[in-house]
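# Overview (structure and organization)
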Amino acid sequence: MYEHIGVDVEPLGPENILAFGTGPLSGTPFPGCSRVDVMSRSPVTNLLGNANIGGDWGAELKLAGYDHVVLAGRSEQPVYLNIHNDRVELRDARELWGRSTYETRDLVRQELGNIETKVMCIGPAGENRVSYGSIHGNLGNAAARTGMGAVMGSKNLKAL
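About the criteria used
- Residues numbered from 1 in each chain as written.
- Predicted model: local features only at pLDDT ≥ 70, side-chain atom pairs only at ≥ 80, totals over all residues.
- Heavy atoms only, no water.
- Buried < 20%, exposed > 50% of the residue type's maximum accessible area, 1.4 Å probe, protein only.
- Helix = DSSP H or I, 4+ residues; strand = E, 2+ residues; numbered from the N terminus.
- Pairing = 2+ DSSP bridges.
- Phe/Tyr/Trp six-rings, centres within 6.5 Å; stacked < 30°, edge-to-face > 60°.

On any regular strand, side chains alternate: one points to one face of the sheet, the next to the other face. The buried fraction of strand E2 (residues 36-41) is high, at five of six residues. The pairing of strand E1 (residues 18-22) with E2 spans four bridges and is classified as antiparallel. From the neighbouring strand, Phe 20 faces E2, where its bridge partner is Val 38. What sits between the antiparallel neighbours E2 and strand E3 (residues 48-53) is a turn of six residues, in which Asn 46 has the positive phi angle 60°.

Turning to the packing of aromatic side chains, a few remarks are in order. Overall, the coordinates contain one aromatic pair when judged by the stated rule. When the ring of Phe 20 is compared with that of Trp 57, the centres are 5.9 Å apart and the planes differ by 55°; the resulting orientation is tilted. Of the two residues, Phe 20 is situated in strand E1 and Trp 57 in helix H1 (residues 57-63); the sequence distance between them amounts to 37 residues. An identical accessibility class is assigned to Phe 20 and Trp 57; each is buried.

Turning to unusual backbone geometry, a few remarks are in order. Positive phi is not limited to glycine here, since Asn 85 has a value of about 55°. Mapped onto the elements, Asn 85 comes out in the loop between strand E5 (79-84) and strand E6 (87-92). Judged by its relative accessible area of 40%, Asn 85 falls in the partly exposed class. Residues other than glycine seldom take positive phi values, yet Asn 156 does so here, at roughly 60°.

Below you can see the structure in the form of structure tokens.
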């Protein structure tokens with residue numbers, strides 16, 4: 001993050017980077033290790049922001065073969081990132097925009113045809129770049145520190 005985010009980068013600007021990272025033991029049976037760190041320049045502090053979320057998304061990301069997801073830029077329209085093993089694609093999320101995190105999770109699963117799909121998403125607070133917007137996972141977990149949901153919304157990214 002220190003190498004790619006300059007001192008003049010605006011937290012909600014397209015130059016900011018949003019990174020999701022798993023730990024080396026994610027996806028293993030070792031207790032408490034399937035967590036994800038979400039990092040970016042924070043709209044709350046204007047410094048490096050970090051939020052941590054538990055649940056099953058990190059383990060699934062690791063089992064798909066990835067340790068990190070690093071996002072740069074901004075989509076022209078709302079999208080979500082679909083990762084299925086070696087297939088990674090941005091999909092249209094205009095119909096998801098304005099929906100709650102619960103609705104978003106259900107609608108993404110319906111669209112992908114798999115009720116077991118693991119989803120992390122933002123709600124209207126993140127979409128509207130509320131500085132304390134959070135990212136929500138499958139099991140009621142949230143990355144709710146330093147405004148990472150607002151950064152996700154500033155990229156027009158509804159879900160992963």
